[in-house]
Amino acid sequence: MEALKKVAVYSSAGRRLDRLRRYIECVKNQNGEIVDTRVYDSLDLLKWDLDISLEYDVVVIDHDWKACVEMRKRYKSITLVMVTDGLSEELYDAQPCYILGEPLEQKNISKLFACIWGDPSGDHVLAFRSGRVKHRINMREIMYFANDRRLINVVGIDGQYSFYGSMRDLENRVGGEHMEFIRVHESYIVNMNYVRELYPDRLVMQNGHNIYMSVARRPEVRRHYKMHQDKLTYI
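The rules behind the values
Residues numbered from 1 in each chain as written. Predicted model: local features only at pLDDT ≥ 70, side-chain atom pairs only at ≥ 80, totals over all residues. Heavy atoms only, no water. Salt bridge = Lys/Arg side-chain N within 4 Å of Asp/Glu carboxyl O. Helix = DSSP H or I, 4+ residues; strand = E, 2+ residues; numbered from the N terminus. Buried < 20%, exposed > 50% of the residue type's maximum accessible area, 1.4 Å probe, protein only. Pairing = 2+ DSSP bridges. Axes fitted to C-alpha atoms, helices over the stretch in contact; angles between N-to-C directions. Contact = heavy atoms within 4.5 Å. Disulfide = S-S within 2.5 Å.

> Would you mind going over the pattern of salt bridges with me for this structure?
Oppositely charged side chains can pair when the atoms bearing their charge come close. If you walk through the whole model with that rule in mind, you get 15 salt bridges. In this structure, aspartate 18 and arginine 22 form a salt bridge, with 3.1 Å as the shortest nitrogen-oxygen distance. Of this pair, aspartate 18 and arginine 22 both sit in helix α1 (residues 14-25), four residues apart, roughly one helical turn. Using a relative accessible area of 45% as the deciding quantity, one classes arginine 22 as partly exposed. The shortest N-O distance in the salt bridge between glutamate 25 and arginine 21 comes to 2.9 Å. A residue pair is termed a helical-turn pair when its members lie 3 or 4 positions apart in one helix, as glutamate 25 and arginine 21 do in helix α1 at four residues. Given the relative accessible area of 23%, arginine 21 is considered partly exposed. A single salt-bridge network, built from bridges that share partners, covers Asp18, Arg21, Arg22 and Glu25.

Rendered as C-alpha cells:
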C-alpha cells in the first residue's frame, strides 16, 4: 500500500512555489509515494499550521537561510530541506538539514527524497533499555555518544539518555550503518552533522561542547569531516 507523505514548501518567491510543488509530487513516480504537498508564501502561516499540530514529514525552505535556522530552533526534530545555490555559515545553526543545490533537477530531488524516505534498511533508530524503560531514538537526532566507564551517555537534540554498554560494540553498530558517526576518541563517537567547528585537536559540537580527538584518530576524522562537507554541496 502506498504511503501518504506530507510536505510543506515555503518560498517568498511565489512563482517558484508551483515549480517546487510539481517536482516534489513527481517523486511518487520514482519511490511509490503519494505526496501531499502544501505551499506557503508566508513563514508565519507555516509556523501557525505547525503550531496547531498540522504535521509534515518534510519542510522545504527555498533560498532563505534565516527562515531555515528559525525553523530548526523552533522545531527541533523536524526534517528540513534547504534549497540553495551556495552554502552559508548559518548551515551549522540549521543542522540537521538536507541541502538541495541549484540548478533544480527532477533527478536530484528524487534522489534526495529517496534518501529521506526510501532507505531499504528501514528507519535508522537506536533502541536501548535504561533501567526498566525502553527507548527508541532517531539516529539523526543524536549529536554524540560519551563513555563514562561502562555507562554510555546519548546526547541528543532533545535531551540526554544513558545505558550500559561497550563503546566498541556501539562503534560497530553505528559506524557501518550510519556513516555520519565516527569515533574520535576512546570515549566519544560523534555525529558529523552536528560538528560546528574543526580544530587541529578538537571538535566543537552544535551545543558548544568541546570534544578532543585522539592523536591517532585525527587524520581519519579530518578525512571524514572533509567528505561530509563535500557531500553537502552536491546533493
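> Mind showing me how you'd approach the sheet that holds strand β14 (residues 202-205) here?
Hydrogen bonds between backbone groups are what pair the strands of a sheet, and the pairing can be parallel or antiparallel. The three strands lie next to each other as β13-β14-β15, forming an open sheet whose pairing is antiparallel. Of all strands in the sheet, those bounded by a partner on one side alone are β13 (195-198) and β15 (210-212). Pairs of neighbouring strands in the sheet enclose a mean axial angle of 25 degrees, with direction left out of account. The pairing of β14 with β15 spans three bridges and is classified as antiparallel. When the sheet's bridge partners are listed, valine 204 is paired in β15 with asparagine 210.

> Explain the environment of tyrosine 92 to me, please; I cannot follow it from the model alone.
Among the secondary structure elements, tyrosine 92 is positioned in helix α5 (residues 91-94). Along the primary structure tyrosine 92 and methionine 205 are separated by 113 residues, whereas in three dimensions their C-alpha atoms are 9.5 Å apart. Setting aside its immediate chain neighbours within four residues, tyrosine 92 contacts Val195, Arg196, Gln206, Tyr225 and Gln229.

> Looking at this model, I keep getting lost on the state of the cysteines. Mind explaining?
Throughout the structure, instances matching the rule amount to zero disulfides. We note that cysteine 68 lacks a disulfide partner, and the nearest cysteine sulfur, in cysteine 97, lies 3.8 Å from it.

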